[in-house]
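Letter by letter, the chains look like this.
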Amino acid sequence: MVGVLRIERDGTVTAANEYARSILGPCVLRRCCDVVMARDGATVICTPDCAVTRADVENHDRRGVLIRGVLHRLVCTWVAGEAVVILIGPDIEVPDNVRPLSARERDVIGLVASGLSTKQIARRLCIGASTVSTHVSSALNKLGASSRAQAVAIAAATHQLE
């Protein structure tokens, strides 16, 4: 499973997908560091003065975050001009044969990570929905992923969302 949080520059969570909400509880309009640190058994790794939300770093990959007794990989990065926190569950394996994404595939998968639909991505990038679908399909193939969520997780884990 893959959890995704969208973060404002002040560290406030603006959106969370279903998996993130299921393991972190209500998190929208709360500070990201409070949400991640507040979980039972969570490893204290976040601070209110987060380097990612300050835009001091492009990507921060933190391994081994324990949330509710389940080990998750936490990747904090910038995607399409927004800070995004990606919680990668233990069920996501990174294949050995991952190939690099093109710049446009990175753009599209980044917008998928931001929670946008195919139509929204098409409007944002001024391309057709079928072109977006083609880029997603190509990215899935290159990443060895079977779903959009898995593609986001693998792209984040292999530092291709920067």
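None of the values given here were measured: they were computed from a predicted structure.

Before going further, it helps to spend a moment on the environment of Arg 31. Along the chain, Arg 31 turns up in the loop between helix 1 (18-24) and helix 2 (32-37). As for Arg 31 and Ile 7, which are separated by 24 residues in sequence, their C-alpha atoms are 8.4 Å apart.

Our focus in this paragraph is the pairing of strand 5 (residues 82-88). In terms of burial, strand 5 is largely enclosed, as six of its seven residues are buried. Here six bridges tie strand 1 (residues 2-7) to strand 5, and the two strands are oriented antiparallel to one another. Bridge assignment links Ile 7 to a residue of strand 5, and that residue is Ala 83. As defined by bridge partners, strand 4 (residues 70-79) adjoins strand 5 across seven bridges and the pair is classed as antiparallel. Within strand 5, the position partnered with Trp 78 by the bridge is Ala 83.

As a further point, take the side chain of Gln 150. By the element assignment, Gln 150 lies in helix 6 (residues 148-157). When residues no more than four places from it in sequence are discounted, the contact partners of Gln 150 are Val 2, Ile 92, Glu 93, Gly 144 and Ala 145.

Attention now moves to the packing of helix 3 (residues 103-113) against helix 5 (residues 129-143). Each packed pair of helices is defined by two parameters, the angle between the axes and the distance between the axes. At a minimum axis separation of 9 Å, helix 3 and helix 5 run at an interaxial angle of 95 degrees. Looking at the two axes, helix 3 sits roughly perpendicular to helix 5. Across the interface between the two elements, Arg 104, Glu 105, Val 108, Ile 109 and Val 112 from helix 3 touch Val 132, His 135, Val 136, Ser 138, Ala 139 and Lys 142 from helix 5. Here the contact of helix 3 with helix 5 is composed, by residue class, of six nonpolar, two polar and three charged.

Note on placement: Ser 22 falls in helix 1. When its relative accessible area of 43% is taken as the criterion, Ser 22 is described as partly exposed.

Confidence in the prediction for the chain averages 80 pLDDT; 80% of positions are at 70 or higher. Within the model, the stretch residues 55-59 combines pLDDT values under 50 with 14 contacts to residues more than four positions away or in other chains.

The final tally for this structure, using the stated rule, is two salt bridges. A salt bridge links Arg 104 to Asp 107, with the nearest nitrogen and oxygen atoms 3.7 Å apart. Pair noted here: Arg 104 and Asp 107 are both in helix 3, with a separation of three residues, about one helical turn. Judged by its relative accessible area of 31%, Arg 104 falls in the partly exposed class. Under the relative-accessibility criterion, Asp 107 is labelled partly exposed at 36%. We note a salt bridge from Lys 142 to Glu 105, for which the minimum N-O separation is 2.9 Å. You can see Lys 142 sitting in helix 5 and its partner Glu 105 sitting in helix 3, a full 37 residues away along the chain. Judged by relative accessible area, Glu 105 falls into the buried class, the value being 5%.

Moving on, we get to helix 4 (residues 118-125). What sets the pattern is the α-helix's 3.6 residues per turn: residues three or four places apart point alike. Thr 118, Ile 121, Ala 122 and Leu 125 are the residues of helix 4 that are buried. For helix 4, the angular spread of buried residues about the axis comes to 100 degrees, placing them on one side. Residues of helix 4 that are exposed and point over 90 degrees away from its buried face: Lys 119 and Arg 123. Taken together, the buried residues of helix 4 touch helix 3, helix 5 and helix 6. Phi for Cys 126, located one or two positions after helix 4, is positive at around 55 degrees.

Cut-offs applied
Residues numbered from 1 in each chain as written. Predicted model: local features only at pLDDT ≥ 70, side-chain atom pairs only at ≥ 80, totals over all residues. Heavy atoms only, no water. Helix = DSSP H or I, 4+ residues; strand = E, 2+ residues; numbered from the N terminus. Buried < 20%, exposed > 50% of the residue type's maximum accessible area, 1.4 Å probe, protein only. Pairing = 2+ DSSP bridges. Contact = heavy atoms within 4.5 Å. Axes fitted to C-alpha atoms, helices over the stretch in contact; angles between N-to-C directions. Parallel < 35°, antiparallel > 145°, perpendicular 65-115°, else oblique. Nonpolar A, V, L, I, M, F, W, Y, C, P; charged D, E, K, R; others polar. pLDDT = per-residue confidence, 0-100. Salt bridge = Lys/Arg side-chain N within 4 Å of Asp/Glu carboxyl O. Arc of directions from axis to C-beta.

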